[in-house]
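# Structure at a glance
Letter by letter, the chains look like this.
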Amino acid sequence: MLDLKFIRENPEQVKRAIEVKHISLDLDELLRLDRDLIALKQRVEAMQTERNANAKLVPKATPDERPALIQKGKDLSEELKALEPQLRGEEEKLKNLLLRVPNIPLDSVPLGQDDTENVELRREGTLPQFAFKPLDHVELLELQGWSDPERVARVSGSRSYLLKGEAVMLEMAVLTFTLDFLAGRGFTPLSTTALVRPETFTASGHFPGGEDQVYKMEGDEMMLAGTAEVPVNSLYAGEQLQQSQLPLAFAAISAAFRSEAGAAGRDVRGLIRVHEFRKVEQYVLCEADQAVALEWFEKILKNAEDLLAALELPYRIVQNCTGDMGAGKVLMYDIESWVPSEEKYRETHSCSYLGDWQARRTGLRYRDEAGKLVYAHTLNNTGIASPRILVPFLENHQQADGTIRIPAALRPYLGGKEVIGKPVR
RNA sequence: GGAACGGUGUCCGAGUGGUUGAAGGAGCACGCCUGGAAAGCGUGUAUAGGUGCAAGCUUAUCGAGGGUUCGAAUCCCUCCCGUUCCGCCA
């Protein structure tokens, strides 16, 4: 959500954001509604002033004066009752429009329609050279007896997965390693539920718009979040923090659920796109200073890069163009890891800076040094998401005999093993 | 699932119809005091909106919505949320 005052004062800037982000929203309608609402409010308030003043006179009035005052109060009350529902209705309408107003991207963000126009910033790591024909992750899992696709499908349908044997330990290792790593960089580890109240999605900015991505509970209001960003963002909702309490930086592990509506037929095979997965998410709440926030952006980006480097996975950094960045975002980079079987990079991380857009929806405020209440800035980036990360991991580290080499950084989390799997080729 | 209790300001907590935006305390800020600090003393300290150059004026807000009333934090109804106890249970 943007500050309504800002929207009034900078309509052109907002319109441009709406345009480049391809959001269907009539800002003029919003502005018109806003103007009408102010006029209506002024009318109502004038009447309220009169009513209040009148009511104050009653106890002081003489018995003779009283009936007239009470009658006047009745009339005013009557009139107000007619207007108040209208006022409330208009306010509701404005609020709904306001929730759809996107944040303004930085000037440096490339313009574009969709993800095909994202811009590669750089590539890191060395692509693996195989002296044999590498297998894809699905084949590797099967070869090692680490998966059981037919049976899981029977139990949990498509886009589900199951890990078995050493692959389970690998998944746990990757998650634990990430938590450990981020904790070492000052992030507070957090284990959260994915089951959340619906309003947390509005707070995070996923609603309105993302409703069809979210699983809802039958007979219950609760919903399943697709990322710990949702619960963590709402953790301090409505509170008034002290600036000295900031920044708050979390490494939150949770299950993540996504319906993947609209992704029909895409990545149905393997571990890339599943309905339920586990993720460690970096989430930062910092002071409302863009320079400070952008430093955090670099930090959480670097964290993810260093993690990938430790896992010895080649990756590239892609800057999301305006059409692919989401309404709330000011700046967004994806990290894509190399997937040998597809001979391309696939998104494994997504790093976002949202200014105060998310905090304003959530009510994340703090008192600054001058004693003023201001909305904080928020950022988030993936730490690691599994099983998706296992795709590049297994494929990049496979050896000729079908075993998987474990990078040194991960070995302590796997009982020191340098290799997992049996030689089966 | 059953039952009871409760939701007030940054926090704790008073407040059952009229000048209560809300006692008191804590916290915080500033000042005095001090070699420095603590304690102590004093003063100040809600948010959002409208209007105004400003001082200010004004409206809303005591979980939410509705009702009663000239007037509601206070009375009534509905809903939401929380806590506790019992039951069930990984």
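From a predicted model like this one, the values you see are computed outputs, not experimental measurements.

## Let's talk about the overall build of chain A
- If you tally the helices and strands in chain A, you get 12 helices and 16 strands.
- Taken over the C-alpha atoms alone, chain A extends approximately 105 × 45 × 40 Å along its principal axes.
- Looking at the 425 residues of chain A, the share that counts as buried comes to 50%.
- Long-range contacts, defined as pairs at least 24 residues apart, comprise 73% of the intrachain contacts of chain A with a sequence gap of at least 6.
- Summed over all atoms, the accessible surface of chain A reaches about 20500 Å², with 50% contributed by carbon and sulfur.
- Here chain A carries 53 positive and 65 negative side-chain charges, and the mean point of each set is 2 Å from the other.

## Side note on the packing of helix α2 (residues 11–20) against helix α3 (residues 27–57)
- Between α2 and α3, whose axes approach to 10 Å, the crossing angle comes to 140°. Here α2 is positioned oblique relative to α3, judged by the angle of their axes. Taking contact as the criterion, the partners of Pro-11, Val-14, Lys-15 and Ile-18 in α2 are, on α3, Leu-27, Asp-28 and Leu-31.
- The residue inventory of the contact of α2 with α3, partitioned by class, reads five nonpolar, no polar and two charged.

## A few points about the pattern of salt bridges
- Enumeration according to the criterion identifies 25 salt bridges in this entry.
- We note a salt bridge from Glu-120 to Arg-316, for which the minimum N-O separation is 2.6 Å. Residue Glu-120 is located in strand β1 (residues 119–124), and its partner Arg-316 is located in strand β9 (residues 315–319); the two are separated by 196 residues in the primary sequence.
- On the basis of relative accessible area, Glu-120 is assigned to the partly exposed category, the value being 32%.

## Details of the domain arrangement of chain A
- What the domain assignment reports for chain A is domain 1 (4–98) and domain 2 (115–420).
- Between the C-alpha centres of domain 1 and domain 2 there is a distance of 44 Å.
- The interface is formed by four residues belonging to domain 1 together with seven residues belonging to domain 2.
- Overall, the association of domain 1 and domain 2 removes approximately 380 Å² of surface from exposure, summing both partners, and the carbon and sulfur fraction of that is 52%.
- Per-residue buried area on domain 1 facing domain 2 is highest for Val-20, Lys-21 and Ile-23; these three make up 82% of the total on that side.
- Remark: the boundary between domain 1 and domain 2 carries zero salt bridges.
- Our enumeration of links across domain 1 and domain 2 arrives at four residue pairs in polar contact (both at pLDDT 80 or more).
- Looking at side-chain class alone, the side of domain 1 that touches domain 2 contains two nonpolar, one polar and one charged residues.

## As for helix α12 (residues 390–397)
- Among the eight residues of α12, eight are classified as buried, and the element is accordingly described as predominantly covered.
- Residues of α12 that are buried: Leu-390, Val-391, Pro-392, Phe-393, Leu-394, Glu-395, Asn-396 and His-397.

## Description of the packing of α3 against helix α4 (residues 66–98)
- It is the contact of α3 with α4, at a shortest axis distance of 9 Å, that shows an interaxial angle of 155°. When the axis of α3 is compared with that of α4, the two are roughly antiparallel. In this structure, the crossing between α3 and α4 has a hand that is left-handed.

## Details of the protein's contact with RNA strand B
- Neighbouring RNA strand B are 25 residues; Arg-8, Glu-45, Gln-48, Ser-77 and Arg-197 lie closest to it.
- Sugar plus phosphate, as a fraction of atoms of RNA strand B within 4 Å of the protein: 79%.
- Residue Gln-42 places a side-chain N or O atom 2.8 Å away from a sugar or linking oxygen belonging to RNA strand B.
- Here Asn-52 contributes a side-chain N or O atom positioned 3.2 Å from a phosphate oxygen of RNA strand B.
- Secondary-structure elements contributing two or more residues to the surface near RNA strand B are α1 (4–9), α3, α4 and β12 (365–367).
- It is α3 that provides the largest number of residues to the surface near RNA strand B, a total of nine residues.

## Re the confidence of the model for chain A
- This prediction gives chain A a mean pLDDT of 95; 100% of its residues lie at or above 70.
- Under the prediction, the complex receives an ipTM of 0.88, its pTM being 0.94.

## What to know about unusual backbone geometry
- With omega at -10°, the peptide bond leading from Phe-207 into Pro-208 counts as cis.
- By the element assignment, Pro-208 lies in the loop between α8 (199–204) and β4 (215–216).
- Going from Ser-386 to Pro-387, the amide bond is cis rather than trans, its omega being 15°.
- Backbone geometry places His-22, a non-glycine residue, at a positive phi of 55°.
- With respect to the helices and strands, His-22 occurs in the loop between α2 and α3.
- When its relative accessible area of 41% is taken as the criterion, His-22 is described as partly exposed.
- Backbone geometry places Asp-267, a non-glycine residue, at a positive phi of 50°.
- On the secondary structure map, Asp-267 appears in the loop between β7 (248–257) and β8 (276–286).

Rules of the game
Counting restarts for each chain, with residues numbered from 1 along the sequence as it is written. Both sets of labels track the order of writing: A upward for chains, 1 upward for ligands. Two thresholds apply to this predicted model, a pLDDT of at least 70 for residue-level local features and 80 or more for giving and counting side-chain atom pairs, whereas whole-chain, interface and lining totals are computed over all residues. The basis for the side-chain values is all heavy atoms of the structure; hydrogens and waters are excluded. Secondary structure elements follow DSSP: runs of H or I no shorter than four residues count as helices, runs of E no shorter than two count as strands, and numbering proceeds from the N terminus. Relative accessibility decides the category of a residue: with a 1.4 Å probe and only protein chains considered, values under 20% of the type maximum give buried, values over 50% give exposed, and everything between is partly exposed. Residues are treated as being in contact if the distance between any of their heavy atoms lies within 4.5 Å. Where accessible areas are quoted, they stem from the Shrake-Rupley method and a 1.4 Å probe; at the residue level, only the protein chains shown are allowed to cover. When charges are counted, Lys and Arg are positive and Asp and Glu negative, with His and the chain ends excluded. To locate a charge, take NZ of a lysine, CZ of an arginine, CG of an aspartate or CD of a glutamate. Interaxial angles span 0 to 180 degrees and are taken between N-to-C directions of axes, which are lines fitted to C-alpha atoms, for helices over the stretch in contact. An angle below 35 degrees is treated as roughly parallel, one above 145 as roughly antiparallel, one from 65 to 115 as roughly perpendicular, and anything else as oblique. Amino acids outside the nonpolar list (Ala, Val, Leu, Ile, Met, Phe, Trp, Tyr, Cys, Pro) and the charged list (Asp, Glu, Lys, Arg) are all regarded as polar, and Gly is one of them. Throughout this description, the term salt bridge denotes a Lys or Arg side-chain nitrogen within 4 Å of a carboxyl oxygen of Asp or Glu. What marks off one domain from the next here is an automatic or database domain assignment. Accessible area that two parts lose when put together, evaluated with a 1.4 Å probe and summed over both, is termed the buried area. N or O atoms within 3.5 Å of each other form a polar contact, as long as, within protein, one can give a hydrogen and the other can take it, and as long as residues adjacent in sequence are counted only when both atoms are side-chain atoms. Left-handed describes a crossing whose near helix is turned anticlockwise from the far helix by less than a right angle; the clockwise case is right-handed. A molecule or strand has a residue near it when one of that residue's heavy atoms lies within 4 Å. pLDDT is a residue-level measure of predictor confidence that goes from 0 to 100.

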